[in-house]
Amino acid sequence: QSVLTQPPSVSGAPGQRVTISCTGSSSNIGASYDVNWYQQFPGTAPKLLIYVNRYRPSGVPDRFSGSKSGMSASLAITGLQAEDEAEYYCQSYDSSLSGSWVFGGGTKLTVL
Amino acid sequence: EVQLVESGGGLVQPGRSLKVSCTASGFGFSSYWMSWVRQAPGTGLQWVAHIKEDGSAKSYVDSVKGRFTISRDNAKNSMYLQMNSLTVEDTALYYCARRQGSGSSAYFDYWGQGVLVTVSS
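None of the values given here were measured: they were computed from a predicted structure.

About the criteria used
Residues numbered from 1 in each chain as written. Chains lettered and ligands numbered in written order. Predicted model: local features only at pLDDT ≥ 70, side-chain atom pairs only at ≥ 80, totals over all residues. Heavy atoms only, no water. Helix = DSSP H or I, 4+ residues; strand = E, 2+ residues; numbered from the N terminus. Rg over C-alpha atoms; globule rule 2.2 N^0.38 Å. Buried < 20%, exposed > 50% of the residue type's maximum accessible area, 1.4 Å probe, protein only. Disulfide = S-S within 2.5 Å. Pairing = 2+ DSSP bridges. Axes fitted to C-alpha atoms, helices over the stretch in contact; angles between N-to-C directions. Salt bridge = Lys/Arg side-chain N within 4 Å of Asp/Glu carboxyl O.

Colleague: Which parts of the structure should I look at to understand the overall build of chain B?
Modeller: When you go through chain B residue by residue, the secondary structure sums to zero helices and eleven strands. Counted from the first residue to the last, chain B has its helices and strands arranged as β-β-β-β-β-β-β-β-β-β-β. For 121 residues, the compact-globule estimate of 2.2 N^0.38 gives 14 Å, and chain B sits close to it at 13 Å. The principal-axis extent of the C-alpha atoms belonging to chain B is close to 40 × 25 × 25 Å. Classification of the 121 residues of chain B by burial places 46% in the buried group.

Below, the structure written as structure tokens:
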């Protein structure tokens, strides 16, 4: 059971907009800790997609955007493309117990 | 180009030890915190440990405290994870990752390809 909750799967048709939610609690996102997002294709390492809630590393298309509000964060992908089909993970810090950097359980994005 | 290359994985029996390594290139290794993140087969990601630029500070996830030790050798641009008293729950792909940001704002901007550690009798 992940500390950060993501939907197991989302889907959308090419060109559509999809959002992936990441819900936390008062010891992580709700405590104003930053949220980061990663994209992972099967058999490859994760890749940083969004950092500090809304910033994109160089090379990440502006179709990807991040936001945070209250105890949740969201990753939005506009103009969906077949190449976006991947697993997406959110990540933050959790201050409970002895503190830890935590990930969501991951969301599989399927492009229909 | 930033590159992180892990090595040293393999099959090990429960209760035994294993040490995995990460060799970095393409950036000033000694200027960055570094991390290990693992991914059990078919599951999500789990942060395992961090180590400060000079090795003077280290943090671990609770499930590995007292069993795993993270270390680094800046002269060799390398980081290590010594894993003792391994259990089947430690079976995973272990990623080396470069850490950016400070403290609770940390994130992982570059990742290696991972090294597989399988714990089984």
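Next comes the rest of the description.
Colleague: Would you take a moment to explain the state of the cysteines for this structure?
Modeller: Disulfides are covalent bonds that link the sulfur atoms of two cysteine residues. Counted by the stated rule, this structure contains two disulfides over all chains. Across a sulfur-sulfur distance of 2.1 Å, Cys 22 of chain A and Cys 90 of chain A are joined as a disulfide pair. Sign of the S-S torsion, about 75° for the bond between Cys 22 of chain A and Cys 90 of chain A, identifies this disulfide as right-handed. Of this pair, Cys 22 of chain A sits in strand S2 (residues 18-23) while Cys 90 of chain A sits in strand S7 (residues 86-94), and the two are 68 residues apart along the sequence. As far as burial versus exposure is concerned, Cys 22 of chain A and Cys 90 of chain A are alike and both buried. The disulfide partner of Cys 22 of chain B is Cys 96 of chain B, and the S-S distance across this bridge is 2.0 Å. Note on the Cys 22 of chain B and Cys 96 of chain B pair: the S-S dihedral is about -55°, so by sign convention the disulfide is left-handed. Note that Cys 22 of chain B is positioned in strand S3 (residues 18-25) and Cys 96 of chain B in strand S9 (residues 92-100), a separation of 74 residues in sequence.

Colleague: How should I be thinking about the sheet that holds strand S8 (residues 78-83) of chain B in this particular structure?
Modeller: Hydrogen bonds between backbone atoms are what pair the strands of a sheet, whose relative direction is either parallel or antiparallel. Residue and element names in this part refer to chain B. Strand order in the open sheet formed by four strands is S1-S3-S8-S7, with antiparallel pairing between adjacent strands. Bordering the open sheet on either side are strand S1 (3-7) and strand S7 (68-73), each of which pairs with just one other strand. Strand-to-strand twist of the sheet, defined as the mean angle between neighbouring strand axes without regard to direction, takes the value 15°. Bridge analysis of S7 against S8 gives six bridges, and the strand direction is antiparallel. For Ile 70, the partnering residue across the bridge sits in S8 and is Leu 81.

Colleague: Looking at this model, I keep getting lost on the pattern of salt bridges. Mind explaining?
Modeller: As a working rule, side chains carrying opposite charge can pair if their charged atoms are close by. Using the criterion set out here, one finds five salt bridges over all chains in the structure. One salt bridge connects Arg 63 of chain A with Asp 84 of chain A, and the closest N-O pair in it is separated by 2.8 Å. Here Asp 84 of chain A lies in the loop between strand S6 (72-77) and S7 and Arg 63 of chain A lies in the loop between strand S4 (47-50) and strand S5 (64-69), a separation of 21 residues in the sequence. Like Asp 84 of chain A, Arg 63 of chain A is buried. Asp 109 of chain B is the salt-bridge partner of Arg 98 of chain B, the closest N and O atoms lying 2.6 Å from each other. With a gap of eleven residues between them, Arg 98 of chain B in strand S9 and Asp 109 of chain B in strand S10 (residues 107-111) connect regions that are remote in the sequence. What makes Arg 98 of chain B buried here is its relative accessible area of 6%. A relative accessible area of 16% places Asp 109 of chain B in the buried class. Here the salt bridges do not stand alone but share partners, grouping Arg 38, Arg 67 and Asp 90 of chain B into one network.

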